[in-house]
Amino acid sequence: DPLEVEAFAHRRRRSPSAAPGSPAPGTPLMVLDTGLAHIEDDELHYRERSAARLARGSSFEEVVTWLWDVPALRSPSPADLVVARRTIEALGPTAPPVDRLIVAVAALAATDPLRDDSDASQLVRVGARLVTGLAAALAPAGQEPDVARTLWGALAPHDLPGGPRLLDAALVLVIDHDLAVSTLAARVAASARASGYAVVTAALGAFDAPLHGTASRAAAQLLRAVRDGDAPSTAIARAVRDGGRGIPGFGQPLYAAGDMRASVLLELLRDAPHSADVLASVDAVADEVARRADVRPNLDLALAALTLWADMSDDAGSVIFAIGRIVGWISHAVDEYDERPMRLRPRGRYVGPAPE
């Protein structure tokens, strides 16, 4: 049974003597100080504030301007957005979403005469330009007053009451989460004093991976199959077999009682209209997994549920994740600019054959 195999593997991956949330043996390669996100008592905080309360009661823009200590987020000019849109269009309709983001970052960099200004204050300016500009470049109808509504227009085929507000909450919940591989890539680039555009491009390279930024795609396919009539056990077994990476949308080692980001987003989705069928699929899958394996829903499953409810593509969760996480990448880059340059260059240890 695929679920029994996954339950066995999950137990083997855990360290019996380790506290909940501690890393597996052999990781991490380094420990970096961070002043942004931390988890205490299974609650995610951005600095001193609860991420759950911020997601429920604050807009994405309010959270970002607080984190970056700026009065507002300045968008690219209309002419710069035209260049970004044309660059995305040149990829064609079948291009993966992260590819669209990467080329749009390059386009916005190419139209920015200050891209190579090495002052740390430019990182936040570039971050604001990317967060607002990427959403606008993806949206065929142009830019709305805020990022969530703009991104909704880019990803959702029709309006839904409360849709942009749910998307707003999702953007807040994905801003930062310990030192993910994409965040480490951002800090390594910043250690070499890369520009904000290069920092985000480096991060997107690590983000575009099935074990990280694009994991919600498989979770969306799983939920869609159950909603369309497949038995949960059949859909889960197929997803585990085809993916080979565990149960899509389940498991998060930093929490003892389950990923609070998923709990918050799914709770908000329960209050949304016409969400009963999607949530029934979520509950059916979660119940089936709980019977066989000690793993709980994570952020990827919640993003998948949101995109399925909104009738977005299976890849839409990765776009939401990436645009919200840009805020975290830029924040880490700002912190890294305060450190000694090139400090994140590790030394290699040769383990190959001896010279003849």
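Residues numbered from 1 in each chain as written. Predicted model: local features only at pLDDT ≥ 70, side-chain atom pairs only at ≥ 80, totals over all residues. Heavy atoms only, no water.

Enquirer: When you look at the overall build of the protein in this model, what are you seeing that I'm missing?
Expert: Helix and strand counts for the protein stand at 16 helices and three strands. By the compact-globule yardstick of 21 Å for 356 residues, the protein fits well, its C-alpha radius of gyration being 20 Å. Structurally, the protein occupies a C-alpha span of about 65 × 55 × 45 Å along its principal axes. By the burial criterion, 50% of the 356 residues in the protein qualify as buried. For the protein, contacts bridging at least 24 residues in sequence account for 74% of all contacts bridging at least 6. Here the protein displays about 16,700 Å² of accessible surface, and carbon together with sulfur accounts for 52% of that area. The distance from the centre of the 36 positive side-chain charges to the centre of the 46 negative ones in the protein is 4 Å. (Helix = DSSP H or I, 4+ residues; strand = E, 2+ residues; numbered from the N terminus. Rg over C-alpha atoms; globule rule 2.2 N^0.38 Å. Buried < 20%, exposed > 50% of the residue type's maximum accessible area, 1.4 Å probe, protein only. Contact = heavy atoms within 4.5 Å. Areas by Shrake-Rupley, 256 points an atom, 1.4 Å probe, with all protein chains shown as cover. Lys, Arg positive; Asp, Glu negative; His and termini not counted. Charge placed at Lys NZ, Arg CZ, Asp CG, Glu CD.)

Enquirer: Can you help me understand the packing of helix 12 (residues 232–243) against helix 14 (residues 276–292) in this one?
Expert: Helix-helix packing: each pair is described by the crossing angle between the helix axes and the interaxial distance. One can describe the packing of helix 12 onto helix 14 by two numbers: an axis separation of 9 Å at closest approach and a directional angle of 75°. Taken as axis vectors, helix 12 and helix 14 run roughly perpendicular relative to one another. Facing helix 12, whose interface residues are Pro-232, Ser-233 and Ile-236, helix 14 presents Ala-284, Val-285, Glu-288 and Val-289. Per-class residue counts for the contact of helix 12 with helix 14 are five nonpolar, one polar and one charged. (Axes fitted to C-alpha atoms, helices over the stretch in contact; angles between N-to-C directions. Parallel < 35°, antiparallel > 145°, perpendicular 65-115°, else oblique. Nonpolar A, V, L, I, M, F, W, Y, C, P; charged D, E, K, R; others polar.)

Enquirer: What should I look at first to understand the pairing of strand 1 (residues 37–40) in this one?
Expert: For a regular strand, side-chain orientation follows a simple rule: the groups alternate between the two sheet faces. Bridge analysis of strand 1 against strand 2 (residues 43–46) gives four bridges, and the strand direction is antiparallel. Its bridge partner lying in strand 2, His-38 is registered against His-45. Between strand 1 and strand 2, which pair antiparallel and follow one another directly, the connecting turn spans two residues, one of which, Asp-41, has a positive phi of 55°. (Pairing = 2+ DSSP bridges.)

Enquirer: Teacher, can you tell me more about helix 4 (residues 78–90) here?
Expert: For an α-helix the count is 3.6 residues per turn, leaving residues at separations of three or four pointing the same way. Its 13 residues give helix 4 an end-to-end C-alpha distance of 19 Å, which sits within 8% of 18 Å, the value for a rise of 1.5 Å per residue. Backbone geometry just downstream of helix 4 places Gly-92 in the positive-phi region, at approximately 90°. (Expected span 1.5 Å × (residues − 1).)

Enquirer: What's the story with the packing of aromatic side chains in this structure? I'm lost.
Expert: By convention here, two paired aromatic rings are described through the distance between centres and the angle between planes. For the coordinates displayed, the defined rule picks out three aromatic pairs. Arranged with centres 5.1 Å apart and planes meeting at 80°, the rings of Phe-207 and Phe-321 form a pair that is edge-to-face. Placement of the pair is Phe-207 in helix 10 (residues 196–207) and Phe-321 in helix 16 (residues 316–337), with a sequence separation of 114 residues. The exposure class assigned to Phe-321 is buried, which follows from its relative accessible area of 5%. When the ring of Phe-207 is compared with that of Trp-329, the centres are 5.8 Å apart and the planes differ by 80°; the resulting orientation is edge-to-face. With Phe-207 in helix 10 and Trp-329 in helix 16, this residue pair connects regions lying 122 residues apart in the sequence. By relative accessible area, which is 0% here, Phe-207 ends up buried. Its relative accessible area of 0% is what places Trp-329 among the buried residues. Put simply, the rings of Phe-207, Phe-321 and Trp-329 pair up and form one aromatic cluster. Between the NZ or CZ atom of Arg-49 and the centre of the ring of Trp-66, over which it lies, the distance is 4.2 Å. When the ring centre of Tyr-337 is taken as reference, the NZ or CZ atom of Arg-193 above it lies at 5.0 Å. (Phe/Tyr/Trp six-rings, centres within 6.5 Å; stacked < 30°, edge-to-face > 60°. Lys NZ or Arg CZ within 6 Å of the ring centre and 35° of its normal.)

Enquirer: In this structure, what is going on with the environment of Leu-299? I would like to understand it.
Expert: Along the chain, Leu-299 falls in helix 15 (residues 299–309). By relative accessible area, which is 3% here, Leu-299 ends up buried. Separated by 41 residues in sequence, Leu-299 and Gly-258 have C-alpha atoms that sit 9.8 Å apart. If we skip the residues at most four places from it in the chain, Leu-299 touches Val-174, Asp-259, Arg-261, Ala-262 and Phe-321.

Enquirer: Hey, could you run me through the sheet that holds strand 3 (residues 49–50) in this one?
Expert: Sheet strands line up and pair through hydrogen bonds in the backbone, either parallel or antiparallel. Pairing within the open sheet is antiparallel, and its three strands lie in the order 1-2-3. Lying at the two open borders of the sheet, with one neighbouring strand each, are strand 1 and strand 3.

Enquirer: Would you mind showing me how to read the environment of Val-188 here?
Expert: Locating Val-188 in the fold gives a position in helix 9 (residues 181–191). A sequence separation of 155 residues divides Val-188 from Arg-343, and the C-alpha atoms of the two residues are 8.4 Å apart.

Enquirer: Help me out: how do you make sense of the pairing of strand 2 in this one?
Expert: The pairing of strand 2 with strand 3 spans two bridges and is antiparallel. Counterpart to Tyr-46 in the pairing with strand 3 is Arg-49. The turn joining strand 2 and strand 3, which pair antiparallel and follow one another in sequence, is formed by two residues; a positive phi near 55° is taken by Arg-47.

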